[in-house]
Amino acid sequence: MDPAKDMPAESDCTTCQFLEDSSNYWTAVLFFRARNGTFKRVPIVPNVGFEGAEGGMTVYYMQNGLADYQQTSKVTAFKPGFRMIIGDPLTHTAADANRFRQVTYTCLQDPGTRFPETKNLPTKPCPAGIMANVRFPTCWDGKNLDTANHMDHMAYPASGTFDSRGPCPESHPVPVPQLMYETVWDTRQFNNPEDWPEDGSQPFVWSFGDQTGYGSHGDYLFGWKGDALQRTMDTPCYVNCPTLTTQPVADQNKCKLSQSFKEDIDSWLPELPGNPVTLENLVTQHPNQVHRLQIAADSPMGSNGTIAIALRAVGAVAVFLVARFLYEGYVRRSRVRALKAQGIPILPHSALFGHLPVLGDWRADNPADANFYTFHTWLIKNCRKYFPDLDFPPPVVYLDIWPVENPLAVVFDPIAASNFAQTPSLPKSPLTKGFLDPLTSGLDIVTNEGQEWKTWRSRFNPGFSQRNLIAMLPELLEEVSIFVSELENSAGSRGEWGSLLRLEEKTTNLTFDIICRAALGMRLDEQRRPEPSPLKTALLDQIRVMNEGANVARAIPLGRMPWHNADARRNNRMISDFLMPQIQSKLKADSNDSQVKTILDLALKYVDKDDPNASKGQPNAEYIERLLANLKAFVFAGHDTTAATICFMIKRLQDNPECLAKLRAEHDAVLGPDSKVVETLSQSPHLLYSLPYTLGVIKETLRLHPLAATIRQAPPGFSLTGPDPSVQYPIEGFGLWLSAPGVARNPNYWKRPNEFIPERWTAPEGDELHPVNNSAWAPFSIGPRNCIGMELALIELRIVSVLVARRFDIEEAWDKWDDLQDSKATPKGKIDGERLYWSGNGIVHPKDGMPVHVRLREQSAAA
Ligand code: HEM
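Residues numbered from 1 in each chain as written. Predicted model: local features only at pLDDT ≥ 70, side-chain atom pairs only at ≥ 80, totals over all residues.

### Describing the packing of helix α15 (residues 534-547) against helix α16 (residues 562-588)
Here is the rule: Axes, fitted as lines to C-alpha atoms, cover a helix only where it is in contact. Angles between the N-to-C directions of the axes lie from 0 to 180 degrees. The numbering of helices and of strands both runs from the N terminus, where a helix is a DSSP run of H or I of at least 4 residues and a strand a run of E of at least 2. Should an angle lie under 35 degrees it is considered roughly parallel, over 145 roughly antiparallel, and from 65 to 115 roughly perpendicular; all remaining angles are considered oblique. Crossings are sorted by hand: turned counterclockwise from the far helix by less than a right angle, the near helix makes the crossing left-handed, and turned clockwise it makes it right-handed. Contacts here follow a simple rule: the backbone-placed C-beta atoms of the two residues must lie within 7 Å. Just so you know the grouping, Ala, Val, Leu, Ile, Met, Phe, Trp, Tyr, Cys and Pro go in nonpolar, Asp, Glu, Lys and Arg go in charged, and all remaining residues, Gly too, go in polar.
Contact geometry of α15 with α16 gives a least axis separation of 9 Å together with a crossing angle of 150°. Taken together, the axes of α15 and α16 lie roughly antiparallel to each other. Pair α15 / α16 crosses with left-handed handedness. Every residue of α16 that contacts α15 at Pro534, Leu535, Ala538, Leu539, Asp541, Gln542 and Val545 is listed here: His564, Asp567, Ala568, Asn571, Met574, Ile575 and Phe578. Of the residues assigned to the contact of α15 with α16, the class counts are nine nonpolar, three polar and two charged.

### Observations regarding the sheet that holds strand β11 (residues 154-155)
Under the convention used in this document: By definition, two strands form a pair when at least two bridges between them are found by DSSP.
Strand order in the open sheet made by the three strands is β11-β10-β12, with antiparallel pairing throughout. Of all strands in the sheet, those bounded by a partner on one side alone are β11 and β12 (174-175). When strand β10 (residues 139-140) meets β12, the two strands line up antiparallel, connected through two bridges. Bridge pairing in β12 places cysteine 139 opposite proline 175.

### A few points about the site of the ligand
Convention followed: Each residue receives a C-beta atom built from its backbone; the residue is near a molecule or strand if that atom lies within 6 Å of it.
The immediate surroundings of the ligand are formed by 27 residues, with Ala637, Gly638, Thr710, Cys787 and Gly789 found nearest. Broken down by secondary-structure element, the contributors of at least two residues to the shell around the ligand are α14 (503-520), α18 (621-655) and α23 (790-805). Among the elements that take part in the shell around the ligand, α18 stands out by supplying seven residues, more than any other. Considered class by class, the residues forming the shell around the ligand number 16 nonpolar, eight polar and three charged.

### Comments concerning the nonpolar core
Side chains of a nonpolar character, in soluble globular proteins, are inclined to be buried together. Which entries qualify depends on this criterion: Note on definitions: a nonpolar core is a set of buried residues drawn from Ala, Val, Leu, Ile, Met, Phe, Trp, Tyr and Cys, linked by C-beta atoms within 7 Å. Buried residues are those with 20 or more other C-beta atoms within 10 Å of their own C-beta, exposed residues have 12 or fewer, and partly exposed residues lie in between; C-beta atoms are placed from the backbone.
Ranked by internal contacts, the top residues of the largest apolar core, which has 206 residues, are Ala409, Val411, Ala519 and Leu736. Top contributing element to this core by residue count: α18, with 18 residues. Alanine 519 has contacts with Thr598, Ile599, Leu600, Leu631, Phe634 and Val635, leaving out every residue within four places of it along the chain.

### Some words on the sheet that holds strand β19 (residues 711-713)
Taken together, four strands build an open sheet; the order of strands is β16-β17-β22-β19 and the sheet is mixed. Edge positions in the sheet fall to β16 (396-399) and β19, since each has one partner strand and no second. If you compare each strand with its neighbour and ignore which way they point, the axes differ by 25° on average. As paired strands, strand β17 (residues 408-411) and strand β22 (residues 735-738) are joined by four bridges and run parallel to one another. Bridge assignment links alanine 409 to a residue of β22, and that residue is leucine 736. Contacts between helix α9 (residues 414-421) and the sheet are confined to β16, β17, β19 and β22, with β22 contributing the most and set at about 125° to the helix.

### Quick notes on the packing of α18 against α23
It is at 11 Å that the axes of α18 and α23 come closest, and there the two elements cross at 40°. With respect to α23, the element α18 is oriented oblique. In this structure, the crossing between α18 and α23 has a hand that is right-handed. Seen from α18, the contacting residues are Thr642, Thr645, Ile646, Met649 and Leu653; seen from α23, they are Ala793, Glu796, Leu797, Val800, Ser801 and Ala805. Class assignment of the residues belonging to the contact of α18 with α23 gives a composition of seven nonpolar, three polar and one charged.

### A short note on the UniProt feature "binding site: heme" (unreviewed entry) in the chain
What counts is decided by this rule: UniProt positions are given in the numbering used here, feature names are shortened, and annotations may be inferred rather than shown by experiment.
Sequence positions flagged by UniProt for "binding site: heme" (unreviewed entry) are, in local numbering, Cys787. One can find cysteine 787 in the loop between α22 (740-743) and α23. Setting aside anything within four residues of it in sequence, one finds cysteine 787 in contact with Phe780 and Ser781.

### Describing the environment of lysine 616
Within the secondary structure, lysine 616 is located in the loop between α17 (599-604) and α18. Since 13 C-beta atoms lie within 10 Å of it, lysine 616 is described here as partly exposed. Counting along the chain gives eleven residues from lysine 616 to lysine 605, while the straight-line C-alpha distance between them is 9.2 Å. Setting aside residues up to four positions removed in sequence, lysine 616 forms contacts with Leu587 and Val607.

### Quick word on the pairing of strand β1 (residues 24-27)
Judged by which residues are buried, β1 turns out to be covered on both faces: Asn24 and Trp26 on one side and Tyr25 and Thr27 on the other are all buried. Inspection of the sheet shows β1 paired to strand β15 (residues 217-221) by four bridges, in the antiparallel sense. The partner of tyrosine 25 across the bridge, within β15, is tyrosine 220.

### Side note on the pairing of strand β7 (residues 103-107)
Summarising burial for β7: five of the five residues are buried, a large majority. Every second residue of β7 is oriented toward a common face, with Val103, Tyr105 and Cys107 on one face and Thr104 and Thr106 on the other, all of them buried. Across two bridges, β7 lies against strand β8 (residues 117-118) in antiparallel orientation. In the sheet register, tyrosine 105 faces β8, and the bridge partner there is threonine 118.

Next up, the structure:
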């Protein structure tokens, strides 16, 4: 097809207001999906000022931002044959949608609403409809009328935005008009809550199957006559530009193409089995400023011919997918064989199955619910079986377990680890991003990169300073005191063991309460609620959804399924409903003189920094979305790792009574009598930092139980080196997984690595126990992307140890637990002879939540 002779220019009438414009403007069609599964096409209504037009969209060509009535900047009009696309129908996440600036929606409270704009479809009914806004990039390469993906010849300004008159990049130096489509979808007839999905998700679906809204996109084919567009752009005007010929609305409406494929497109459509509306519905809008070209709807309910074509297409796609699958497998397996040929130590590798048999060995050796994280310690134990010449795994262990998971390079040496997590600090792996995506849509600091990450991390950092945490101490003491009284309630009387409790349940409630204090400045009171709070309920269910994509430990690893999206949306809605009132009340508060700075306080200081039009009264919608994502990330990251660490600290102290005795002695010596400890700490918070042995217990627990580890993505051609700089470990095609348990047990850096020895943390330099490499202790990761919450976690662990150790004896109670489980008990399920092991999918949890019983210490001593 010769673009210069394309259809738009050949039409003999136009639906546009101006006779000179025969361009073609396209966006997809929106459908409403009712609760009973049926669909209805959402009608379009004319925009304000275009009354009388039959549907259509409003198209702008702007020399400057929409709010500028002068429109004086110089721009070069598009040329005959020019075409472009913006947006991507395959985009389903906010992070991905951010590739395209200003492709948004406005939830119309009335026809004139223009703020705020969101990247996702509105989540609540909009009283006057939904406006879809599509703005195209404004810098052209000056050469190509089109490119293969219809986008590469266009770019966004190199800095700033089109509205702020940012300069074009060198690669795309020519400023062109900003083309913008506004389409008003009349959703009013669909606003009955009874018809909306029960799970709280929103019901509108684009014709290409997108229910998030992130896939919105628009196409443009230039079709102006002669130099009419350039003349208009050279003549500053806002509406009714004098250089153009305006035709009556009635003439615009007359310009019609009849439907070329007979099909009812405006009735209710039946529910489709499986995928709702998957074929892109090629219905060009009825634009009120544009050439009208109606192409019949090619819906999945088409004729037999359509079905036959569809089946053939499905067959071809299946063959293609199988071929691609086999090819990808071949590439991955060959990579490992090539590494072996270079003399790099490799786990026994099958040409067909890669390292899946090794994964099978791990699976067979461990209880069914063992966390995949136990692979690291299992491999250390079984090293000789797989690397007969080595006592400890090599610095980099390649793991080719595709298609169960993408190939991983597991790093057991701290020098090699600092080569990718410290300098340089490589970006997070898509595995991490995919894991968190249901919760935060890629808008949080755990997964952000570059400037975005730097900006937000530096905003939050002050919240975790020692000064701020000490200011927060009364609140933290209050929450841990509730934890203590909960343990007291379960403790046995007269020095006897009390009833069974799952310690992790209690520690999780505690860490929820603490993170809500630190992040939001509010009391959640999870520890004393009769029922879990909506925040906890929704977040734990969201973690279940997230884990669906992180389940290597399962025999049949299935990823996240489409129905998980609905669960994720429902959970996110519940979480935002919980968090938003807190955000709003902070926004309304006149000032915040409090000494304690919560994560929310710190973020709100910047509410008007990213967008000059924003203020506390009218924050930018995208800013609020990011803030919510970050708060969710903090609540997520801040609760279960700390909760599980408390459990493993108590386990280690139970197994090492001499350490427990030393810990108690330190508390007695530094803090005085147990009954006054809360008062003492409130008055002298610095005493918490004068407990070196306690810190040793905590660090040693985290050394042996580092419950999270970073995974990074290497650029092409990247290699690692370990302690021997002459050996290169090529990493291309592998995710880099820092083995926090591996570096912490590496005998090259630790003496008696498998023993619990808190004294090593107070051993002077030169003592054989003294730690020799900082990167060999990586429970909070290493480098600039280490855990921002480390100090908060450490202070929580200190307070718990102080308030709990002298007051209680705590002991694992597996017999009681097995009695309760009856026939479901698994007394033989052990790792290294221990009932308490790392279990669960994704996040590590102590097995069965660590069943324990508790007794009060003074009473036990008396007994
Ligand atoms: C014992 C408790 C904790 C452990 C073992 C732990 C561990 C980690 C690890 C290993 C990372 C790096 C993750 C990666 O690279 O993918 C990380 C990052 C992070 N953690 Fe923690 N964490 C703990 C407590 C907390 C707490 C209490 C908070 C919140 C207040 C928190 C918030 C975060 C955040 C926001 C990040 C991302 C930091 C960034 O990328 O800039 N963590 N944590």
